[in-house]
Each structure stands twice: as C-alpha cells, then as structure tokens.
Number of protein chains: 4
Amino acid sequence: MTTLPLPELSDASSHWVLTLSCPDRPGIVHAVAGLLAEHGGNITESQQFGDPDTDLFFMRVQVRSSASREELTDALDALASTFSMTWTLDVVGRPVRTLVMVSKAAHCLNDLLFRERTEGLPIEVVAVAGNHRDLEALTAFYGKDFHHLPVTRETKAEAEAALLALVRELDVELVVLARYMQVLSDDLCRTLHGQVINIHHSFLPSFKGAKPYHQAHDRGVKLIGATSHFVTGDLDEGPIIEQDVERVDHTRTVEDLVALGQDVERRVLSRAVRWHAEHRVVLNGHRTVVFR
Amino acid sequence: MTTLPLPELSDASSHWVLTLSCPDRPGIVHAVAGLLAEHGGNITESQQFGDPDTDLFFMRVQVRSSASREELTDALDALASTFSMTWTLDVVGRPVRTLVMVSKAAHCLNDLLFRERTEGLPIEVVAVAGNHRDLEALTAFYGKDFHHLPVTRETKAEAEAALLALVRELDVELVVLARYMQVLSDDLCRTLHGQVINIHHSFLPSFKGAKPYHQAHDRGVKLIGATSHFVTGDLDEGPIIEQDVERVDHTRTVEDLVALGQDVERRVLSRAVRWHAEHRVVLNGHRTVVFR
Amino acid sequence: MTTLPLPELSDASSHWVLTLSCPDRPGIVHAVAGLLAEHGGNITESQQFGDPDTDLFFMRVQVRSSASREELTDALDALASTFSMTWTLDVVGRPVRTLVMVSKAAHCLNDLLFRERTEGLPIEVVAVAGNHRDLEALTAFYGKDFHHLPVTRETKAEAEAALLALVRELDVELVVLARYMQVLSDDLCRTLHGQVINIHHSFLPSFKGAKPYHQAHDRGVKLIGATSHFVTGDLDEGPIIEQDVERVDHTRTVEDLVALGQDVERRVLSRAVRWHAEHRVVLNGHRTVVFR
Amino acid sequence: MTTLPLPELSDASSHWVLTLSCPDRPGIVHAVAGLLAEHGGNITESQQFGDPDTDLFFMRVQVRSSASREELTDALDALASTFSMTWTLDVVGRPVRTLVMVSKAAHCLNDLLFRERTEGLPIEVVAVAGNHRDLEALTAFYGKDFHHLPVTRETKAEAEAALLALVRELDVELVVLARYMQVLSDDLCRTLHGQVINIHHSFLPSFKGAKPYHQAHDRGVKLIGATSHFVTGDLDEGPIIEQDVERVDHTRTVEDLVALGQDVERRVLSRAVRWHAEHRVVLNGHRTVVFR
C-alpha cells in the first residue's frame, strides 16, 4: 500500500514501536539494544522469539527516545543491511488507516466502529465499502463514508479495481473483511499481501468453505469457533492470527449457532485487528508470530 | 454386551435413572410421569429434548420409587410398545463395568483410575488391556488386572477375539480407548456399537488421522483441542460426546503441544466417561444428546 | 410492574412457555403434564429442578397448544392452589418491555440495542433513561426515546419517582442497569423486586463496591470478571444470574483492565437479559435457578 | 534455602536461564545483552517488563553459551552492582528440589507426581511430608520417601522445626502445599519467603478462609475457582501466581463443587509450580510478574 506522511511530534521524546525479523544468529538483541541506547532510548516493552523450525528471529520493542524518525531510520537501515533484517517503525498508538469491507451482516462492522470510537481500538476507519447497501445507515451514524461496490460475476474485476483505487486514494494501510461475502481474486490478494484480515466463521481448519455452521451442526460438534487470518490466494488457508470458541449443546439449531457464532466472530476479529494495529503480528511463512 | 445381575436393594425405596427415546408426539411426558406416579415415584431430576430435525424425542429422568425393578420393567415394556420407545433403567450411581484399552501413554489411564478411586467416577474398571506392557505397574498399583494383548498385522484378528472374550467373560458394559493406538475392525465396532468411547487428540473434524499435533503446529492454530466420541467403523467420524480446547501461541513446539494436549485429552475423556456412566448420553443418529 | 395486554394470536396453535415453582412433593410433573395434555399440548422443551436444600421444585416447559390463554390460565390457577404453586405463562419469544438505565459508559447500552435490532434478543427497549446526556445520540440512532433524569443527593427521591412513573406509564416489565452509576433506594428495590438486573464490573463477591478494577489490579489477580445479578437492597449482594471472566497478566494497567472488562460486562449482561427475557431465570431465595 | 551444588556440564555449550530485577532506567537491556554477547551467548527467548507503578524492571532470558558458570557469575555480579540488580542463573530444565506437604486429599499430590514422572514437570520431589498417613502408599508407588509430621496445637512448633530440618537436610528449594490443611507460622513464612507455593480452593479474594465451596454454594456463584499463591504471614493474601475457574449451575451441590473444584485446583497448582520451576515467576511487591 502506501507510505504515509507521519504525524509530526512536537514533544521532545516520542514513544516508538519497532518490529523486526531476520535470520537468527548471535548478537541481534545486543545490536538492537545498542542502537536504541545510542539514541537515548529507554525500552518500555520488548519481546523476542527465535523459531527453531525456520531459524528466523522476531522482535518487537517499545522504546521512548527523543531521536528523530530520520535518525532512527538511518540507523535501522544500516543495521538491517548487516543482519538481512526486515523492520517497521511507528509511533505507539497511531491509528492505522483502515478500510472495512462488508456485505449484509452488521455485527463485525458495528463492533469495530464502536471500539474505534469508544474503546481506543487504534484504527481510523477511513471508509466502509459494501457490495450491498444494508449497512449504509450504521456507517453514517459513526460519521464514516460508505462506498457501494456491487459485485457480479461480470463486474468483479471492475469492482476490485474500484476497491484498489479506494485503497490508494485514501492511503489505506489495512483492509478488514468484516463478514464480506465475496472471494478476493488471487491478483488482489498478492497486491495487498499481509494487509487484508478476514474473519472466518468456523474453527479452521474445520468446516472450510460455505455454510460452516450448517456443517458444524450436522457433525454434532460441542464447540463452535471463529478464526481471523490474513487473506491469501488459498481460500481459508491464510496465516491464522486468532481463534476462539464457544460451547454449544444438542439443543442448538443451526440458527442458534449462527447467532452464538456472531459473538465469537466479532471478539476474534477485533482482537486480531487490535494486535495487528499495535504491530504485534508478524508473518512467519504461513504462520504468525503474535507478541501479545 | 451383557445384561448384568443387578444389585439387590434392601432399602424400601431406590433411586432410579430412566433414559428413553422414541418418535416425538404429544403425551409422552404425561405418560411417563403417569407411569412413575403410579409406582409411587418422586422425580428428582428430569430433562427432555425433541429434535426438530429427526422428530425424535429424548428423555432422562431420575426418580425415587419403592417399586421393584420387575414392576417398573413390566410397566415400561408396555409403555414402550405404545410409543415405539427404546429405554434403559438403572440404579443411580451404580458403577459401570469398564475395560480400559491402552498402549504406552499413561495420562488417560492414570486419570480414570484416580477418579474411580478418589473422586467418585461411577465406573468399575474390571481390567486394563494393553498392546504394550508399559502400564502394567500403574494398573497394579490400583489393584486391577492387566492383560497383554499384543497386536501385529498378522495377529489382529486373534487379538480382537481375545478382547471380545474378555468383554464377555468380565460382563463389560463399556470399553474406553484411553489413547489406545490401534484401529478397531469394522466388525468389532459393529458388535460393540454405542459401547466404545475413544479420545482423539484433536479438535475434530480438524486434523483427523495420525499425528494431529504435528498437523496443528504446521497450520499455526491458536487453540488445540481434544474430542471424545463413540467409536464406529468410520475412523474419527463417530458421534461426538465432548470436546475442549487449550490456548497455544507461536512459541509452542510440537512437543509442547503434545504435553499441553494431554491435559485436554484426559479432561475431555473423563467427562465423556462420567456422562456416559451416568446415562446422560443418548445416540441421535451420528450425533449425541448429552443431558448434563 | 404491570400485567400487559397480551398479543392476540390468530393461528390455531401457539407456542407457550410456562415456568413454575412450588414446595417439592411427588406428582407435580405428572399433574402439569396432564394439564397440558388435556389442552392438546405437545411439550417441545422441559426442565425441572428440585432443590434438596430448600425443598422447592422448579419447572420450565415450552409447549405447543391450541388452547386459549383463558383456558390455560383457569386450569393453572386450579393446579396452583393444589400445589401452592407460583407460575407465569407467556408466548415464546414475546419481547419483554425493557427500560435501560445508563450513565456515561456506552458499551452495555450499545450492545443491548444492537442485539435487540439485529440478533433477536427478545426485549423491546421502550426507553432509555440516563442521569447524564452522553448516550442520547446513540439512543436516537436506534430510534428510542431518551429521558434525562439527573440525580443529586437532593433530587434523588424525585428522580426515583420520575423513574417509577416511567415504568408505569410505559408498562415496563424489566429495568436493566447498564453501568448506571447510581444506587437505587431500598424502597425502589422492594417495589421492583425481581425486575431489575444490574451488571457489576467484578467477579462478585470479590471487589464489591467502588473501583473494582483498581482493587483487582492492586491485588494482582490473574482473571478479571463481571457479574450480572438481580438488584436488592443489599448492594452487590443480589441473586447472581451470570458471571464470566477474562485472563489478564502483569503487564495490564488499570486502564487495560477497564477496557478488557467492558467486553466481559456486555457479554455477561446480555446473557442474563436474554435468559430472563426467555423466562429461564427463577428466584430461589438469594440464589437463582437458570434453565439454560 | 540452600545453594546447591550445580550439575556439571560436559558439553561445550549450555542452555542458561537468567532472571533479574532492578530499578528501571535506560540501558539495562543493552548492558545485559552486551554481557551475554561477550560470553558468546545466543539468546533463544527473552521477555522484559517495566512496571510503571513501582518503577522496577524485570527480565528473563534464555541463552546458549559456552562460558562457565563462574565466568557468567562474575560478570553478573559486576553488572548487578552497577544496576542494583537481583538475579538468578540456572540451567534450563534443571529439576527444582521440591518438598510436597499434604494432609488427606490426594488429587494435587497425585497430579504433581504423575507430571514429574511422565510429563516433564521440571521438579524433583525429594520427599512428601504429611500430617496424616493417608497418602503414604501413593507416595511409595512413585518411589518417594514419606515423612509423617503430625500437628496438634501443642506440637506445632516441633512439627515446623522438623519440617525446616527436612528442608535443610534435603537441600529443598521449593515447598508445595498440596492441599496441606495446616497454617504455617509467621516465622516459617518469613524463613521460607518466596519458596512456598499454596493452592487455595477459591477464586481469591472471594471466599477466603475455611470451607470456600460452602461459601460459594451459599452465594450462588456461577463459576468456582482456585488460586495458587506464594505463602506469606497474611493468610490467603500472598502474591497470586495463577488462577482459573470452572462453570457451575444451580443443580450443583456442595459435594459437586468440591469434586469439580479438585480439577481446577490441580490444574492451577501444576501450572504455578511449572512456571516457578522454569524461573518464570518473579515477585513484584505483593504481586507477581509471570513470564509465560
């Protein structure tokens, strides 16, 4: 997506969050801590993880420092070339510019907008786009713009182009599929790799595909679940960020499962969005590292 | 399996548990309550469920009555023919004669034996049978007989015949596969239909088959689970009795998942065994009704 | 509160929910089932519970019957006098007329209004009353009337009189204190006994009184919780309907606990309101029976 | 307690776990990472936490290094004096020498011994001491010594002296009160400060003191819990390490709560013991930091 103009910080010291990953080897933590110390940094929170399977190292640091972004960026660029490191630097708590995609179901959208306004979810929903108009009034109540992007088999390419234009025009950093009932094309998945989060209404990998609550009811499971994951070209196979479940019993109809499931879906999606917006989620192949 | 000689009850009034199922239609509860009232019964606990999908009706009643088993049985036989009813009658709390099948992993067996002795799990483990000898000492500590029934491809039929002989000789009512790593033949599954409970070390239907924790680790799930189910000829597809999960994160190795999973496995299995032994579980096609 | 004019039912058969309690003795289930059978009733769901501590019997039945309300009421009145029975009869799914009391926190109100509109929570919010005006716009978005009832030490009696007038004028059956930060007087508690549900932001009886999240943080607990209960004159001591918890760790500040707690609070409150509105909750002294 | 002779490590490189705490200030992570880098250390896992309330900094690092214990100790001593640091260094996975205190209830002892033998719980139970003889056979089955230390009001001081002698003689590092029904004296609590872990059978601070399940039943709670904490002179007020809960309903008798609670108790206690033995628990005033 886009590199955004960053907020100017008038106060002498800022609170930064740095995430990085690189091939594992001795000395990484020391080098990073040294870089931060040289820039007057005081570490307030830090987590590391070395994956023995992939030999990759992951780190997330929150640090207070009066150094400028330019100074930090230059130093990190130098370090990155030494360690073959991928990194991001942001100000702690900066709201991530987010586009929410919806169809007809309101529960996830309502939850995200409410949490943005009232509970400090660090996103700024810059627009809502729907292939139906059902959620236009809810969107308006929260003072957001609603874009109607209808999708048929014939207009799918066109709708995706409009979506991508919206992403670019609005400097969107994160796209959330909040029970959006259309499958994104492979091309779009590749273009927005690592920046699209979906909520699937089952405990993946159980009940992939359509009508998971019908499948769950038929199988007679005793727990239903929801899964939030990054979207990739492989439907329902993207890296999992968060999952949760709810207990059910034999008295529950399919309709009950759908209603109960909505609670789990919004809980799981809002957690995944929060962690992503707080730069706690790092891709590790087809899995994720989540520094909670 | 077998119809057992029932405990003689010297006290005037006994505490009975009656479970039944039949095609749904008006008047069943009234007829059952009437039958029990005629025999001086006082209902202490009762649950009903009518399945709108299958049009079957299920009921579990606990009742105190001074009527003899013969009197109750005669009355229930008459009622059953009117309502095309399947029923069972037992004394509340009577320990169910249970054979536990094991391989090498001790955690489920240890849990069942401990709960039988100390926590009132209403089973009587009449023997433990293993295709390995690893758990012989643990079995002996709890004063139970251990039968070594080694299984190879060549001896499988023979081993199953020995198992079935054991079931008959010991009047076994319930067979628990407590991490028993052999697949029962279709024939044996049919013979013991509804009387064999297995614990599968995944949240079914995710990760069927072998090495589910390896599959779960590879998929990067955020919860691992276990499933207790009746055993049928369809491997890992039998009616589910109970499931539960445990939270995991990216730091967990496959070995960690295995260790954590053992906690979930024994918890789930012991619940399923308890509910079955308390006559709370009724088959409803390929699903279960569990009156908790 | 009030006995409401009930919905006229044009279809031949209605779906009723009957709840009752009385001193325990043999024959109650048979008598109730008989009464229902005589009126052509087909029981679709039924639960009973006899409390060995209080010797009280509780029952909830859902039944389809073409009998009129008058016929059923007459028959139940006769039965009630025989068994010293308290009972209620309602149509399954009829929305309960509800007044929501609020202060400044939006999360519980937002949740209830959303669930009423979108998820079939069987209440009809007939008005929202607040001692502050903060939630007026949210209320208006859902098309509900907002009543501003400011409370000071001097005006408390007056405000409660206005509240009671509102309850009567609007035929209110249920009052929900959705993070309403005023204590109701003993008199009001008695007048509305069994009809006011509160959400307390702790796992009662831990951390009664003010600022429970501060108390929880100071004590270093590893789980925080919320409790929904009927309101009585004994502050934070009313009969508990539902509780739940969320895991926290040492990194959480008081502000984090407050934010996390809001999730638990709305979940717990909406469950308690649903079960009450579905006539699943029966008072049993200072405890509750909840037929889930 | 005692400084133990440490295992000799024949391999060139060892896996160390270092925990430390000190007043928070810039540069700690850099200094620690530098020290480890100088000794050829490769960090495999690391967590930090700065408590804004107490201005204390906490860190846990796992590091592979071929340096000797003496070299590391000397370097850490020097660092510690600069930063006013408290620290411990151990080999990852070394079993902690543990004394388990019991009375009559077997579930916690059985769980700890089973997990030590079968599931890699990193403790070595060097003895079991009981004020009753009930658990002698279970102890013997696991090949452990049982010490009978009866306690009456008159012999309490004597029994505690015997206990302390046992601790010293056996180089005990951790004392676990596994449903030990005696209160330790203030003196003993001070002597063994930070080295005694108890399991309390309620969700503290609810239901302190005796018969918590009776209290919970009487209050009509919908969840019961257990709490593992360090033992201090303030009964049931020691720093909490872990808590968990289990759902209950109105049908549960006090006896049911006791039985259900045993599951929660052993789960909570074994987690607390594991985390302590893995050096994941650090005292932070009357609270704990738990690096999970």
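Here the structure is a predicted model, which means the values were calculated and not measured.

About the criteria used
- Residues numbered from 1 in each chain as written.
- Chains lettered and ligands numbered in written order.
- Predicted model: local features only at pLDDT ≥ 70, side-chain atom pairs only at ≥ 80, totals over all residues.
- Heavy atoms only, no water.
- Helix = DSSP H or I, 4+ residues; strand = E, 2+ residues; numbered from the N terminus.
- Rg over C-alpha atoms; globule rule 2.2 N^0.38 Å.
- Buried < 20%, exposed > 50% of the residue type's maximum accessible area, 1.4 Å probe, protein only.
- Contact = heavy atoms within 4.5 Å.
- Lys, Arg positive; Asp, Glu negative; His and termini not counted.
- Charge placed at Lys NZ, Arg CZ, Asp CG, Glu CD.
- Buried area = accessible area lost by both parts, 1.4 Å probe.
- Salt bridge = Lys/Arg side-chain N within 4 Å of Asp/Glu carboxyl O.
- Polar contact = N/O pair within 3.5 Å; in protein donor to acceptor, adjacent residues only side chain to side chain.
- Expected span 1.5 Å × (residues − 1).
- Pairing = 2+ DSSP bridges.
- Least-squares fit on C-alpha atoms with pLDDT ≥ 70 in both.
- Axes fitted to C-alpha atoms, helices over the stretch in contact; angles between N-to-C directions.
- Domains from an automatic or database assignment.
- pLDDT = per-residue confidence, 0-100.
- UniProt positions renumbered as here; feature names shortened; annotations may be inferred.
- Nonpolar A, V, L, I, M, F, W, Y, C, P; charged D, E, K, R; others polar.

Moving on, we get to the overall build of chain A. Along the backbone of chain A there are eight helices and 13 strands. Taken against the 2.2 N^0.38 rule, which gives 19 Å for 292 residues, the C-alpha radius of gyration of chain A at 20 Å falls within 12% of a compact globule. Its C-alpha atoms give chain A principal-axis dimensions of about 60 × 40 × 35 Å. In chain A, which comprises 292 residues, the share counted as buried stands at 60%. Look at the contacts in chain A between residues 6 or more apart in sequence, and 69% of them connect residues 24 or more apart. For chain A, the separation between the mean place of its 29 positive charges and that of its 41 negative charges on side chains is 6 Å.

Counting from both sides, the interface comprises 34 residues of chain B and, opposite them, 34 residues of chain A. Carbon and sulfur atoms make up 54% of the surface buried where chain B meets chain A, a total of about 3100 Å² over both sides. Of all residues in chain B, B:Arg219, B:Lys222 and B:His250 give up the largest surface area on contact with chain A, accounting jointly for 24% of the area buried on that side. On the surface where chain B and chain A come into contact, there are six salt bridges. Across the chain B-chain A interface, the total number found is 21 residue pairs in polar contact (both at pLDDT 80 or more).

All names here are of chain A. If you check helix 3 (residues 107-118), its first and last C-alpha atoms are 16 Å apart, about what 12 residues at 1.5 Å a residue would give, namely 16 Å. Among the 12 residues that make up helix 3, 10 are buried, leaving the element largely enclosed by the rest of the structure. The complete set of buried residues in helix 3 reads His107, Cys108, Leu109, Asn110, Asp111, Leu112, Leu113, Phe114, Arg115 and Glu116. Phi turns positive one or two residues past the end of helix 3, at Gly120, with a value near 70 degrees.

This next bit is on the pairing of strand 8 (residues 174-177) of chain C. All names here are of chain C. Residues Leu174 and Val176 line one face of strand 8 and the alternating positions Val175 and Leu177 line the opposite face, and both faces are buried. Judged from the four bridges that link them, strand 5 (residues 96-102) and strand 8 form a sheet pairing that is parallel. Across the sheet, the residue bridging to Val100 is Val176, located in strand 8. Looking at chain direction, strand 8 and strand 9 (residues 196-200) are connected through three bridges and run parallel. What sits directly across from Leu177, in strand 9, is Asn198.

Further remarks concern the relation of the copies chain D and chain B. Superposition record for chain D on chain B: RMSD 0.0 Å, screw rotation 180 degrees, translation along axis 0.0 Å. Within this description, the copies of the chain are treated as partners about a two-fold rotation axis. Minimal C-alpha distance to the rotation axis in chain D is attained by D:Phe141, lying at 3.5 Å. By residue overlap, the copies meet face to face through one surface: 100% of the interface positions of chain D are interface positions in chain B.

With that settled, the discussion passes to the relation of the copies chain B and chain A. Structural alignment of chain B on chain A gives an RMSD of 0.0 Å, achieved by rotating through 180 degrees and translating 0.0 Å along the axis. In this assembly the copies share their binding face: 100% of the residues contributing to the interface of chain B also contribute to that of chain A.

A few words on the sheet that holds strand 4 (residues 86-91) of chain A. Taken together, the eight strands give an open sheet; going across it, the order is 4(A)-1(A)-3(A)-2(A)-2(D)-3(D)-1(D)-4(D), and neighbouring strands pair in antiparallel fashion. Each of the sheet's edge strands pairs with one partner strand only, and the pair in question is strand 4 of chain A together with strand 4 (86-91) of chain D. Between one strand and the next, the sheet's axes are offset by a mean angle of 10 degrees, whatever the strand orientation. As judged from the 10 bridges shared by strand 1 (residues 14-23) of chain D and strand 3 (residues 56-65) of chain D, these two strands associate in the antiparallel manner. Bridge assignment links D:Pro23 to a residue of strand 3 of chain D, and that residue is D:Leu56.

Next up on the list: the environment of D:Glu116. Residues and elements named next belong to chain D. With respect to the helices and strands, the residue Glu116 is situated in helix 3 (residues 107-118). Along the sequence, Glu116 and Pro95 sit 21 residues apart, while their C-alpha atoms lie 9.1 Å from each other. Those residues in contact with Glu116 that sit more than four places away from it in its chain are Leu121, Ile123, Glu124, Val125 and Lys144.

All names here are of chain A. Once the domains are mapped, chain A shows domain 1 (15-91) and domain 2 (96-290). Placing the centre of domain 1 and that of domain 2 at their C-alpha centroids yields a distance of 31 Å. Contacts between domain 1 and domain 2 engage 14 residues on the former and eight residues on the latter. Counting the surface lost from both domain 1 and domain 2, the interface buries some 820 Å², and carbon and sulfur atoms represent 47% of this. It is Phe58, Arg60 and Asp90 in domain 1 that bury the most area against domain 2; as a group they hold 46% of the surface buried on that side. At the junction of domain 1 and domain 2, the tally comes to three salt bridges. Measuring nitrogen to oxygen at the nearest pair gives 3.5 Å for the salt bridge that ties Arg287 to Asp53. Counting across the domain 1 and domain 2 interface gives five residue pairs in polar contact (both at pLDDT 80 or more).

A word on the sheet that holds strand 9 of chain C. Residues and elements named next belong to chain C. The strand order across the open sheet formed by seven strands is 7-6-5-8-9-10-11, and the pairing between neighbours is mixed. A single partner strand is all that each edge strand has here, and the edge strands are strand 7 (146-148) and strand 11 (240-247). Going from strand to strand, the sheet's axes swing by 20 degrees on average, the running direction of each strand aside. Summarising the sheet, strand 6 (residues 123-130) and strand 7 pair through three bridges and their orientation is parallel. The residue bridging Ala129 from the neighbouring strand is His147, located in strand 7.

The subject of this paragraph is the pattern of salt bridges. The final tally for this structure, using the stated rule, is 108 salt bridges over all chains. Across the salt bridge formed by A:Arg97 and A:Glu124, the nearest N and O atoms sit 3.9 Å from each other. Taken together, the residues span a long stretch of sequence, with A:Arg97 in strand 5 (residues 96-102) and A:Glu124 in strand 6 (residues 123-130) at a distance of 27 residues. Residue A:Glu124 is classed as partly exposed on the basis of its relative accessible area, which comes to 35%. Look at the salt bridges and you will find they share partners, linking A:Glu242, A:Asp244, A:Glu246, A:Arg267, A:Arg271, B:Arg247, C:Glu242, C:Asp244, C:Glu246, C:Arg267, C:Arg271 and D:Arg247 into a network.

When pLDDT is low, close inspection of the predicted coordinates is not appropriate. For chain A, per-residue confidence averages 93 on the pLDDT scale, and 96% of positions sit at 70 or higher. In the predicted structure, residues 6-10 of chain A sits below a pLDDT of 50 and forms seven contacts with residues beyond four places in sequence or in another chain.

Take the UniProt feature "domain: ACT" (unreviewed entry) in chain A next. Here, UniProt's "domain: ACT" (unreviewed entry) annotation points to residues 17-94 of chain A. Along residues 17-94 of chain A one finds 33% helix and 42% strand; the C-alpha atoms at either end are 10 Å apart.

Our next topic: the interface of chain D and chain B. Listed per partner, the contact involves 17 residues of chain D and 17 residues of chain B. Interface area for chain D against chain B, summed over the two sides, is near 1400 Å², with a carbon-plus-sulfur share of 47%. When the buried surface of chain D facing chain B is broken down by residue, D:Phe114, D:Glu119 and D:Phe141 rank first, second and third, together holding 34% of it. Linking chain D with chain B are six salt bridges. In this structure, B:Asp263 engages D:Arg115 in a salt bridge whose closest nitrogen and oxygen atoms are separated by 2.8 Å. Where chain D meets chain B, there are four residue pairs in polar contact (both at pLDDT 80 or more). Breaking the side of chain D that touches chain B down by element, the ones donating at least two residues are helix 3, helix 4 (136-141) and helix 8 (254-277) of chain D. For the side of chain D that touches chain B, a count of residues per class yields six nonpolar, three polar and eight charged.

Right, let's talk about the environment of B:Ile197 for a bit. All names here are of chain B. Here Ile197 is to be found in strand 9 (residues 196-200). For the pair Ile197 and Gln182, spaced 15 residues apart in the sequence, the C-alpha separation amounts to 13 Å. With near-sequence residues (within four places) excluded, Ile197 lies in contact with Leu174, Val175, Val176, Leu177, Ser228, His229, Phe230, Val231, Ile241, Leu269, Ala272 and His276.

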